[in-house]
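# Survey of secondary and tertiary structure
The primary structure of each chain is shown beneath.
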Amino acid sequence: MSVSITMMPPHDRSLQTLLYLLQLFLSRALTILQPPAHIPTLVPHAPTPLTRSHFSARTQLDFTTHCNSSCFNTHEEALSDKLAFETLYSDGSRTLTTVDVEDDPDDFVPPLNRPRRRRIRRQIYGADGRFDIKGDNFLLDYPFSTAVRISTGCTGVLVSQVHVLTAAHCVHDGKDYVKGARKLKVGFLINPVVNSTNPELSSPKKPLVRWVRVKRTRVPKGWIQGPQEVSMDFDYALLELRWPHRRPFMRLSVAPSSDNLAGKRIHFSGFDSDRPGELVYRFCPVEEESKDLIYQHCDARPGASGSGVYGRVWDDILEKWERKVIGIFSGHQWLEIDGENRDYNVAVRITPLKFAQICYWVHGNRLDCVHG
């Protein structure tokens, strides 16, 4: 069998190459020229002691909310009250820290697209697009190694050597802390081969989990005091471990418009309840976005709540695309638009104000929280 190859004239090939390079340059230039998000400054006041928690709430892994078109409207009220936060300590005591916001910018509001008409099954959309992460070469490698289990049944993501970001509803129901938050732990996957003298016998086994106690938990007041429809905007919490984990972690970033994400895609890995003991990875395009939420149809099941949602974001300092956490997977939301219910899986986006708050929780000062 002969193969025929048609050669382009040299001048046509040169023109095609020039057009390609021009397109590549323009696309990179537009990305780099996007102004960096202005990060406001949070000024915390002295913590106020609160009564001890009753730990009376039940963990809600299948978190679902309902909302209408108002979810796509910008809320103009001051956010300083919602950015106040509670700190729960391992002995059961807790405090409230109020904050002032300096240099509060007009919070980033991406172009708002009205949800398109579609009817799709809840949580798993069409063919299941999730992937089980297995094997030494993947499970304990970055970025999958940044996903950790939360003892209440959720997932979290490592964002520093001692901090884990997760969903607020995994530790607090909006009124009280869940029962499991009293002795909260974070689970790190460990390959069973490392812990066995006979690798041949241990290789088929599922990864083991090493549990580490949580020193303190921080939850924004916007989650605790708001009605369910609004509080989903603040469905995030930060856990501080008792000692460093010494594993790679993923950096935080202010969530850009989805048009400025590589491939307009988001990714996250979690411990979905229908695949016990397995780490499950998925990715999908962003479908809609509001000021505080990212709407998408990534396949997910209960247990994935609290997963770190990340995308490839352009890093001006490193001059390359970097994986960064831009949101926290929250759950499922029914949107009532024009009298029709439409369902989405939803992630809480990290806005400049939320970045400033979480960054302060991580670093304990304002100086390290000026870039997002």
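Residues numbered from 1 in each chain as written. Predicted model: local features only at pLDDT ≥ 70, side-chain atom pairs only at ≥ 80, totals over all residues. Heavy atoms only, no water.

## Things to note about the overall build of the protein
Along the protein, the regular secondary structure elements total seven helices and 19 strands. The buried share of the protein, reckoned over its 372 residues, is 50%. Within the protein, counting contacts between residues at least 6 apart in sequence, those at least 24 apart form 75% of the total. Counting only carbon and sulfur atoms, one obtains 53% of the accessible surface of the protein, whose full area is about 18500 Å². (Helix = DSSP H or I, 4+ residues; strand = E, 2+ residues; numbered from the N terminus. Buried < 20%, exposed > 50% of the residue type's maximum accessible area, 1.4 Å probe, protein only. Contact = heavy atoms within 4.5 Å. Areas by Shrake-Rupley, 256 points an atom, 1.4 Å probe, with all protein chains shown as cover.)

## Some details on the pairing of strand β10 (residues 163-166)
Neither face of β10 is exposed, since H163 and L165 on one face and V164 and T166 on the opposite face are all buried. Relative to β10, strand β9 (residues 155-158) is paired through two bridges, and the arrangement is antiparallel. Residue pairing across strands places V157 opposite L165, the latter belonging to β10. Between β9 and β10, which pair antiparallel and follow one another directly, the connecting turn spans four residues. (Pairing = 2+ DSSP bridges.)

## Quick notes on the confidence of the model for the protein
Per-chain confidence: the protein averages 81 in pLDDT, with 74% of residues scoring 70 or above. The low-confidence segment residues 1-11 (pLDDT under 50) makes three contacts with residues lying over four places distant or belonging to another chain. Under a pLDDT of 50 for its full length, residues 26-33 has, in the predicted model, six contacts with residues more than four places off or in other chains. (pLDDT = per-residue confidence, 0-100.)

## Some words on the environment of A255
Tracing the backbone through its elements, the reader meets A255 in the loop between β13 (237-241) and β14 (265-270). A relative accessible area of 2% places A255 in the buried class. The sequence separation of A255 and F355 amounts to 100 residues, and the corresponding C-alpha distance is 9.2 Å.

## Observations regarding the packing of aromatic side chains
Describing an aromatic ring pair means giving the distance of the ring centres and the angle of the ring planes. A complete count under the given rule lists 10 aromatic pairs for this structure. A centroid spacing of 5.5 Å and a plane angle of 75 degrees characterise the contact between F85 and W361, whose relative ring orientation is edge-to-face. A residue pair is termed long-range when its members are at least 10 positions apart, and F85 in strand β4 (residues 85-89) and W361 in helix α7 (residues 352-363) qualify at 276 residues. By the burial criterion, F85 is buried, and W361 matches it. A centroid spacing of 6.4 Å and a plane angle of 35 degrees characterise the contact between F234 and Y236, whose relative ring orientation is tilted. Of the two residues, F234 and Y236, both sit in the buried class. By the ring-pair criterion, three or more aromatic residues cluster together here, those being F85, F234, Y236 and W361. (Phe/Tyr/Trp six-rings, centres within 6.5 Å; stacked < 30°, edge-to-face > 60°.)

## As for the pairing of strand β12 (residues 208-220)
As paired strands, β4 and β12 are joined by five bridges and run antiparallel to one another. From the neighbouring strand, T87 faces β12, where its bridge partner is R218. One ladder, built from four bridges, connects β12 with β13; its direction is antiparallel. Across the sheet, the residue bridging to V214 is L241, located in β13.

## Quick look at the nonpolar core
By size, the foremost hydrophobic cluster in this structure holds 72 residues, and its most contacted members are L165 and V186. Among the elements that take part in this core, α7 stands out by supplying eight residues, more than any other. Those residues in contact with V186 that sit more than four places away from it in its chain are V148, R149, I150, V164, R210, W211, V212, V214, L239 and L241. Residues C284, C298, I326 and A347 belong to the second largest nonpolar core, which totals 15 residues. (Core = buried A, V, L, I, M, F, W, Y, C linked by side-chain atoms within 4.5 Å.)

## Topic: the state of the cysteines
A covalent bond between the sulfur atoms of two cysteines is what we call a disulfide. Considering all chains together, one arrives at two disulfides under this definition. A sulfur-sulfur distance of 2.1 Å marks the disulfide that ties C154 to C170. Handedness of the C154-C170 disulfide follows from its S-S torsion of about -95 degrees: it is left-handed. A residue pair is termed long-range when its members are at least 10 positions apart, and C154 in the loop between β8 (147-150) and β9 and C170 in the loop between β10 and β11 (185-190) qualify at 16 residues. Each member of the pair, C154 together with C170, is buried. (Disulfide = S-S within 2.5 Å.)

## Notes on the environment of A84
Within the element layout of this structure, A84 appears in the loop between α2 (80-83) and β4. Assessed through its relative accessible area of 5%, A84 is described here as buried. Considering only alpha carbons, one finds A84 and P220, 136 residues apart in sequence, at a separation of 5.9 Å. With residues up to four places along the chain from it excluded, the contact list for A84 reads L96, T97, T98, V99, V219, P220, K221 and Q357.

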